[in-house]
Amino acid sequence: MMPRIRLAHKSDIQGIARVHIDSWVSTYRGIISDHYLSQLNMEKREKSWIWQFDHPHPDEVVFVAENEKGEIIGFANGGRNRSDDERFDGELYAIYVLEEYQGQGVGSELVRAVLSHLRTKRYKSFMVWVLEKNAAIGFYKRIGGRIFSRKDIQIGEETLVEAALGWDRMDDVTFVRGVKT
Ligand SMILES: CC(C)(COP(=O)(O)OP(=O)(O)OC[C@H]1O[C@@H](n2cnc3c(N)ncnc32)[C@H](O)[C@@H]1OP(=O)(O)O)[C@@H](O)C(=O)NCCC(=O)NCCS
């Protein structure tokens, strides 16, 4: 599938929140407790996204991927590194693609879009945090990320480990399927 990738607007919040919840449930089942996942709801997600759109991090951008019907099937956002780590100036904050659209290049296209925005803002490198048990860590390694740090994170009642992967240069991203940075 060739997704259409475009900048997100506030009017996309419902679609983004839907993808966010659906992919959280399909991604984190067995990693995060069922109790926590069952409490995710659209109203809270939408409110959180409204807040995010109204209070963006420096240079933050949100992209969405649409299918041929114009439905949102994935999103990604990124901007200035939220931590004090000086090795990586940019950060991919989140990326989620609906399960049925995974493995078709959509994630790569979304990362490419976020990075091209960061490049125009003169960012040179970037990083991402991911739960160590999340299979997505394989995606980040596949596109050239290297683990450089780990930390505990509290999600609901549980303490989980998050890994940070970094790319010293955006040009180090090793995309596939003709996706060019
Ligand atoms: C992680 C995610 C964004 C990747 O997007 P995607 O559209 O599925 O990935 P792509 O199709 O662009 O894959 C690009 C390459 O990475 C590889 N890849 C993708 N997911 C992988 C995984 N879990 N493990 C290993 N390699 C993976 C693909 O095989 C492909 O390489 P290939 O062409 O050599 O086969 C997507 O799978 C997703 O949304 N997952 C659930 C949500 C999530 O965990 N988000 C990250 C939270 S930090």
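Residues numbered from 1 in each chain as written. Predicted model: local features only at pLDDT ≥ 70, side-chain atom pairs only at ≥ 80, totals over all residues. Heavy atoms only, no water.

A. Representation of the side chain of Asn81. If you trace the backbone, Asn81 turns up in the loop between strand S3 (72-80) and strand S4 (90-97). There is a polar contact of 2.9 Å between the side chain of Asn81 and the backbone nitrogen of Ser83. A polar contact is formed between the side chain of Asn81 and the backbone oxygen of Phe88, at a distance of 2.8 Å. Residues contacting Asn81, with those up to four places away along its chain left out, are Phe88, Asp89, Gly90, Glu91 and Met127. (Helix = DSSP H or I, 4+ residues; strand = E, 2+ residues; numbered from the N terminus. Polar contact = N/O pair within 3.5 Å; in protein donor to acceptor, adjacent residues only side chain to side chain. Contact = heavy atoms within 4.5 Å.)

B. Representation of the environment of Ser38 within the structure. Summarising the element assignment, Ser38 is placed in helix H2 (residues 34-38). Judged by its relative accessible area of 56%, Ser38 is exposed. In this structure, the C-alpha to C-alpha distance between Ser38 and Tyr101, residues 63 residues apart in sequence, is 23 Å. (Buried < 20%, exposed > 50% of the residue type's maximum accessible area, 1.4 Å probe, protein only.)

C. Seen up close, the pairing of strand S7 (residues 158-167). Of all the 10 residues making up S7, 7 are buried; the element is thus mostly covered by neighbouring parts of the structure. Note: strand S5 (residues 126-131) against S7, 6 bridges, orientation antiparallel. Bridged to Phe126 within S7 is Trp167. Direction of pairing for strand S6 (residues 146-155) relative to S7: antiparallel, over a ladder of 9 bridges. Bridge pairing in S7 links Ile147 to Leu165. Counted along the chain from S6 to the antiparallel partner S7, the turn is 2 residues long, and its residue Gly156 has a positive phi close to 60°. (Pairing = 2+ DSSP bridges.)

D. Quick peek at helix H1 (residues 13-28). With 16 residues, H1 ought to run about 22 Å at 1.5 Å a step, and its terminal C-alpha atoms sit 22 Å apart, in line with that. Taken together, the buried positions of H1 are Ile13, Ile16, Ala17, Val19, His20, Ile21, Ser23, Trp24 and Tyr28. Where H1 is buried, its residues meet H2, helix H3 (42-54), strand S2 (61-66), S3, S4 and S5. (Expected span 1.5 Å × (residues − 1).)

E. Local environment of unusual backbone geometry. A positive phi angle, near 60°, is found at Asp59, a position not held by glycine. Position of Asp59 relative to the elements: it lies in the loop between H3 and S2.

F. Highlighting the pattern of salt bridges. Evaluation of the coordinates by the stated rule reveals 14 salt bridges. With a shortest N-O distance of 2.9 Å, Arg6 and Asp12 are connected by a salt bridge. Given the relative accessible area of 15%, Arg6 is considered buried. With its nearest N and O atoms 2.3 Å apart, the salt bridge here joins Arg150 to Glu132. Within this pair, whereas Arg150 is found in strand S6, its partner Glu132 is found in the loop between S5 and helix H5 (136-142), the two being separated by 18 residues in sequence. By relative accessible area, which is 29% here, Glu132 ends up partly exposed. In this structure, a network of salt bridges that share partners links the residues Arg4, Arg6, Asp12 and Glu66. (Salt bridge = Lys/Arg side-chain N within 4 Å of Asp/Glu carboxyl O.)

G. Spotlight on the sheet that holds S3. Taken together, the 7 strands give an open sheet; going across it, the order is S1-S2-S3-S4-S5-S7-S6, and neighbouring strands pair in mixed fashion. On the outer flanks of this sheet lie strand S1 (4-7) and S6, each paired with one strand and no other. The sheet shows a mean angle of 25° between the axes of neighbouring strands, direction not considered. Both S1 and S2 contribute to a ladder of 4 bridges, which runs antiparallel. Of the residues in S2, the one forming a bridge with Arg4 is Glu66. Lying on the sheet, H1 is in contact with S2, S3, S4 and S5; it crosses S3 at an angle near 95°. (Axes fitted to C-alpha atoms, helices over the stretch in contact; angles between N-to-C directions.)

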